[in-house]
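# Residue-level structure breakdown
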Amino acid sequence: MTLYYRDDAVQVTSEAIHAGGQVIALADVTYVWHARGATTLAVRGRVLGRGVLVLLLSLPPLVALVCVLSLAWAAQDRGEWQLALIILAAFVVGGLALTPFLEVPLGWLDRSYERGNRVHELWVQHHGRESMLVRTPDALRFGQIYRAVQRAVEQQGDRR
């Protein structure tokens, strides 16, 4: 028996698919497909949180750009370029010093894209019936499960 995928709720082997309390023998599976499910509140919250995080990450550079333009405009009017360049250099050094701290929010943003922005459903047809095996908003996990089921069904077809 070959194990293709396993987590706390789903197990895909070369003999059967165990998911959501169902056990479906691979020999009985005639068709596998996926569908987009109804969006949940958790998925909407993830998309909203992603938007807020992008906004918070975008605002400081935009504010800095406005400040630089304002400083350049004021320096041109007054003719005090030396003070403007010193202030600008201090902000550039400060910005470069704070850059490593962007790792945490950018990691959050990256993980939110890995989890996806919709609900995925995995369906199989067996004994003339259609059964939903998995429904999850986690795109990475869904992709792993779906590919494992595909591999298991392909291997089962090669044996026939």
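Overview of the structure. Please read all numbers here as calculations on a predicted model, not as lab measurements.

## So, the pairing of strand 4 (residues 22–25)
Bridging between strand 3 (residues 16–19) and strand 4 involves 4 bridges; their strand directions are antiparallel. Paired with Ala 19 across the two strands is Gln 22, which belongs to strand 4.

## A look at the sheet that holds strand 7 (residues 129–136)
As a general point, the strands of a sheet are linked pairwise by backbone hydrogen bonds and lie either parallel or antiparallel. In spatial order, the strands read 5-6-7; together these 3 strands make up an open sheet with antiparallel pairing. Edge positions in the open sheet fall to strand 5 (29–37) and strand 7, since each of these has one partner strand only. Put simply, the sheet's adjacent strands are angled 25 degrees from each other on average, direction ignored. Bridge count between strand 5 and strand 6 (residues 119–126): 8 bridges; the pairing is antiparallel. Looking at the pairing, Val 29 lines up with His 126 of strand 6.

## Some words on the packing of aromatic side chains
Given two aromatic rings, one states the distance between the centres and the angle between the planes to describe the pair. One pass over the structure, following the stated rule, counts 3 aromatic pairs. Between Phe 142 and Tyr 146 the ring centres are 5.8 Å apart and the planes differ by 10 degrees, which places this aromatic pair in the stacked class. Here the residue Phe 142 and the residue Tyr 146 both occupy positions in helix 4 (residues 139–159), the gap between them amounting to 4 residues, near one helical turn. Note on Tyr 146: relative accessible area 17%, which makes it buried. Here the aromatic cluster, defined as three or more aromatic residues joined through ring pairs, consists of Tyr 31, Trp 33 and Trp 123.

Conventions adopted
Residues numbered from 1 in each chain as written. Predicted model: local features only at pLDDT ≥ 70, side-chain atom pairs only at ≥ 80, totals over all residues. Heavy atoms only, no water. Pairing = 2+ DSSP bridges. Helix = DSSP H or I, 4+ residues; strand = E, 2+ residues; numbered from the N terminus. Axes fitted to C-alpha atoms, helices over the stretch in contact; angles between N-to-C directions. Phe/Tyr/Trp six-rings, centres within 6.5 Å; stacked < 30°, edge-to-face > 60°. Buried < 20%, exposed > 50% of the residue type's maximum accessible area, 1.4 Å probe, protein only.

As far as function goes, none of this settles anything; it's purely spatial.
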